[in-house]
Amino acid sequence: MWDYSDKVMDHYRNPRNVGKIDDADLIGEAGSLACGDSLKLFIKLKDGIIVDAKFQTFGCGSAVASSSILTEMIIGKSLDEVKNITNKDIADQLGGLPPEKMHCSVMGHEALEDALKKYYGDDYVELNIPEVSDNVICTCFNVTEHQIVEAIEVNGLTTVDEITNYTKAGGACGRCKGAIKKILEKHAPKKETKLSAAQMILKINKVIETVIAPELQKDGGDIELVDIEDNKVFVKLQGRCSSCKNSILTLKSFVETTLQDKVSQDIEVVQV
C-alpha cells in the first residue's frame, strides 16, 4: 500500500478542473494509452494570463492528483511564470509522492511543457537543461534521452532505479538499463566544491555575461552586475527589463535560479 499525503487523497477523490476546454488556446499532451498513463491539458488565455485550465487523464490516483493540482498551480499566472514549474514543484504542492509514483508528476510537467513548446515554437527555451538528443532510450514506455536527463537535472537523481520511478524508463523489459546507466554517469549531479571568493566572483561574472545577459538581450533587456557581498549578488536590470514591473519577480527568479545552478545553491540575488 502506497503512503499518500492527505492532499494527494483529496485531489484524487475530489479532482479539480476535470474536463476539456473547447476553445482552448493551448493543448499539451504527455504519456500514451499504450504506456498505461496519458494526460491532456487544456489552457485558456486572456492577455497572456491563464484564466482557465482543465485536464483529461487516464492513469492511477497519483496521475489524477498531479493533474488536478497542476491546474490550480497555473490558473491566474502568466506564461512566463508557469515556464519555471517543474515536476518537483507539482510533487511538493501535493505534500510529496511515493518514489514509485513520481512519474505522475513528471507527466504533468511534460504536458505543460508540450503546451508551451507549441505556443512559443522555436523561441521556447528550457532553462538549465543540457542540450541532448530526443532519441528514444526506453522503447517500452517511449522515454527519450532528453526526458531522462531533465529528470536527473531537476530532481538530482543518482540511481537507475530513481530514474525508473520518475520516468518509467527501464521499468518493463529492462534492456535499456545499460543505456540509462551511461546517461546517468554523464549527467549525475556532481558534489559541489567550495569556491574561493575570487573564484566565486569570476564565475558569477562569466555566467551573467555568457548565459543570463544573452537571454535577456533577446527581448531588448540587459543586466549589470553591481556588487557581490558574500552570497548576495546585487544586479541592475536594464533596457526593457527595467520597466517590466509585472515580470520583475520572474526575471529575478531566472537570474537567481541560473546562478544557483551554475555557481552555488547559496546565492541570493538582490535587484537594485
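Residues numbered from 1 in each chain as written. Predicted model: local features only at pLDDT ≥ 70, side-chain atom pairs only at ≥ 80, totals over all residues. Heavy atoms only, no water.

1. So, the sheet that holds strand β2 (residues 37–46)
Sheet strands associate in pairs through backbone hydrogen bonding, adopting either a parallel or an antiparallel arrangement.
Next up, step 1: If you walk across this open sheet you meet the three strands as β1-β2-β3, and the pairing is antiparallel. Looking at the sheet topology across the chains shown, the edges are occupied by β1 (26–32) and β3 (49–58). Neighbour-to-neighbour, the strand axes of this sheet turn through a mean angle of 15 degrees, independent of strand direction.
Next up, step 2: Pairing geometry for β2 and β3, over nine bridges, is antiparallel. Looking across to β3, one finds that L39 is bridged to T57.
Next up, step 3: Packing of helix α2 (residues 61–74) onto the sheet brings it into contact with β2 and β3, and relative to β3 it is tilted by some 175 degrees. (Pairing = 2+ DSSP bridges. Helix = DSSP H or I, 4+ residues; strand = E, 2+ residues; numbered from the N terminus. Axes fitted to C-alpha atoms, helices over the stretch in contact; angles between N-to-C directions. Contact = heavy atoms within 4.5 Å.)

2. Brief notes about unusual backbone geometry
Outside of glycine, negative phi angles account for most residues, and trans bonds account for most peptide bonds.
Next up, step 1: Despite not being glycine, N17 shows a phi value in the positive range, around 60 degrees.
Next up, step 2: The residue N17 is located in the loop between α1 (6–13) and β1 in this model.
Next up, step 3: Given a relative accessible area of 23%, N17 falls into the partly exposed group.
Next up, step 4: With phi around 55 degrees, D230 is a residue other than glycine that occupies positive phi space. (Buried < 20%, exposed > 50% of the residue type's maximum accessible area, 1.4 Å probe, protein only.)

3. Details of helix α9 (residues 197–217)
Think of an α-helix as turning once every 3.6 residues; residues three or four places apart then point the same way.
Next up, step 1: Relative to the 30 Å expected for 21 residues at 1.5 Å per residue, α9 spans 28 Å between its end C-alpha atoms, a close match to the ideal helical length.
Next up, step 2: The axis of α9 is deflected most strongly, by about 40 degrees, at I208.
Next up, step 3: Among the residues of α9, M200, I204, V207, I208, I212, A213 and L216 are the ones counted as buried. (Expected span 1.5 Å × (residues − 1). Bend = angle between axes of the 7 residues up to and from the residue.)

4. Topic: the packing of helix α6 (residues 145–155) against helix α8 (residues 177–187)
Next up, step 1: The geometry of α6 relative to α8 is characterised by a closest axis approach of 10 Å and an angle of 45 degrees between their N-to-C directions. For the element pair α6 / α8, the angle class is oblique. As α6 packs across α8, the resulting crossing turns out to be right-handed. For the pair α6 and α8, contact is made by E145, I148, V149, I152 and E153 and by I180, I183, L184 and H187, respectively.
Next up, step 2: Classifying every residue of the contact of α6 with α8 by side-chain character gives six nonpolar, one polar and two charged. (Parallel < 35°, antiparallel > 145°, perpendicular 65-115°, else oblique. Left-handed = near helix turned anticlockwise from the far one by under 90°. Nonpolar A, V, L, I, M, F, W, Y, C, P; charged D, E, K, R; others polar.)

5. A word on the packing of aromatic side chains
Next up, step 1: Across all of its chains, the model carries one aromatic pair by this definition.
Next up, step 2: It is K83 that lies over the ring of Y120; its NZ or CZ is 4.2 Å from the centre. (Phe/Tyr/Trp six-rings, centres within 6.5 Å; stacked < 30°, edge-to-face > 60°. Lys NZ or Arg CZ within 6 Å of the ring centre and 35° of its normal.)

6. Some remarks on the pattern of salt bridges
Next up, step 1: Taken as a whole and judged by the stated rule, the model has ten salt bridges.
Next up, step 2: Among the ionic pairs, D80 bridges to K83, the shortest N-O distance being 3.7 Å.
Next up, step 3: Salt bridges here are not isolated pairs; linked through shared partners, they connect D10, R16 and E72. (Salt bridge = Lys/Arg side-chain N within 4 Å of Asp/Glu carboxyl O.)

7. Examining α2
Next up, step 1: The terminal C-alpha atoms of α2 lie 20 Å apart, and with 14 residues this matches the ideal 20 Å at 1.5 Å per residue to within 8%.
Next up, step 2: Of all 14 residues that make up α2, twelve are buried, and the element is covered over most of its length.
Next up, step 3: For α2, the full list of buried residues reads S62, A63, V64, A65, S66, S67, S68, I69, L70, T71, M73 and I74.
Next up, step 4: Buried-residue contacts for α2 involve α1, β2, β3, α3 (79–82), α4 (87–93) and α5 (102–120).
Next up, step 5: G76 sits one or two positions beyond α2 and adopts a positive phi of about 95 degrees.

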